[in-house]
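Chain by chain, the residues:
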Amino acid sequence: ITSAGNVGIGTTGPGNKLQVYDSTNADSTVALFQGGNTSAAVGTYSEIQIDSSINGVAGVAPTIKLRSEVDSAISGDRGSAFVVYTGRTGTLSEKMRITSLGNVGIGTTTPVEMLHLSKATEPMIYFSNTGQAANNEEWRLGPSGTVFYGQVFNDGKTGAASWLEVTRVNNTISQVAFPNGNVG
């Protein structure tokens with residue numbers, strides 16, 4: 001512990017409140033955090049919470065939690081999910097989950113595919129290549145009601161032109177349209 005109150009493990013000159021250093025010069029686990037939960041049932045977890053504080057008072061500023069959670073238990077073999085919680089002051093909610101099967105969920109606690117996005121209204125995927133001064137190559141894919149859109153934005157980002165529209169009625173695709181008329 002330095003005179004500034006910094007704690008060092010594996011170092012005599014920590015530059016932060018806690019600095020852990022492993023000098024073995026090999027791949028290693030530098031820190032291990034284990035919860036004391038004696039149950040390995042699905043839903044049990046251990047987590048790290050990172051809390052921003054104002055004047056030393058925790059919980060008055062945004063917080064994040066990183067959680068390791070048992071997500072499957074089959075014949076004694078248990079799987080673990082990585083879960084990220086974020087939010088605004090005092091209100092945290094799950095934002096992303098990577099399951100033991102490798103499925104990634106954003107906006108869902110139960111991702112069923114390799115990438116599963118969920119949002120109450122219009123979950124969109126947005127692609128942006130902003131390394132150019134003009135023609136920024138900005139694209140958006142996603143549903144709006146019963147239509148799935150593929151859109152490209154103009155440079156001013158003031159409007160989007162659809163290049164693909166797929167309309168469905170229940171589980172049936174009723175129309176596939178290329179609004180500019182070009183197919184290939």
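Note that the structure is predicted; figures quoted are calculated from it, not measured. (Residues numbered from 1 in each chain as written. Predicted model: local features only at pLDDT ≥ 70, side-chain atom pairs only at ≥ 80, totals over all residues. Heavy atoms only, no water.)

A. Focus on a nonpolar patch on the surface. Among the surface-exposed residues, Ile-106, Leu-115, Leu-117, Ile-125, Phe-127, Trp-139 and Trp-163 lie close enough to one another that they form a single nonpolar patch of about 600 Å² accessible area. Only strand 8 (115-117) and strand 9 (125-128) provide two or more residues apiece to the nonpolar patch. Within the element layout of this structure, Phe-127 appears in strand 9. (Patch = residues over 30% accessible without salt bridge, like charges linked within 9 Å, V, L, I, M, F, W, Y side chains within 5 Å. Areas by Shrake-Rupley, 256 points an atom, 1.4 Å probe, with all protein chains shown as cover. Salt bridge = Lys/Arg side-chain N within 4 Å of Asp/Glu carboxyl O. Helix = DSSP H or I, 4+ residues; strand = E, 2+ residues; numbered from the N terminus.)

B. Spotlight on the environment of Gly-13. Residue position: Gly-13 is located in the loop between strand 1 (7-9) and strand 2 (18-20). Sequence-wise, Gly-13 and Ile-1 are 12 residues apart; in three dimensions their C-alpha atoms are separated by 8.7 Å.

C. The packing of aromatic side chains, seen in detail. If you walk through the whole model with that rule in mind, you get zero aromatic pairs. Positioned over the ring face of Tyr-85 is Lys-65, at 5.0 Å from the centre of the ring. The side chain of Arg-67 reaches across the aromatic face of Tyr-45, ending 3.4 Å from its centre. (Phe/Tyr/Trp six-rings, centres within 6.5 Å; stacked < 30°, edge-to-face > 60°. Lys NZ or Arg CZ within 6 Å of the ring centre and 35° of its normal.)

D. Spotlight on the environment of Phe-178. Relative to the helices and strands, Phe-178 is located in the segment after strand 13 (172-177). Along the primary structure Phe-178 and Gly-150 are separated by 28 residues, whereas in three dimensions their C-alpha atoms are 9.6 Å apart.

E. Representation of the side chain of Thr-44. Among the structural elements, Thr-44 can be located in the loop between strand 2 and strand 3 (45-51). A residue is classified by how much of its surface remains accessible, and Thr-44, at 17% relative accessible area, is buried. Beyond its immediate chain neighbours, meaning those up to four positions away, Thr-44 contacts Asn-37, Ser-39, Ser-68, Glu-69 and Val-70. (Buried < 20%, exposed > 50% of the residue type's maximum accessible area, 1.4 Å probe, protein only. Contact = heavy atoms within 4.5 Å.)

Fair warning: the whole summary comes from geometry, so function is off the table for now.
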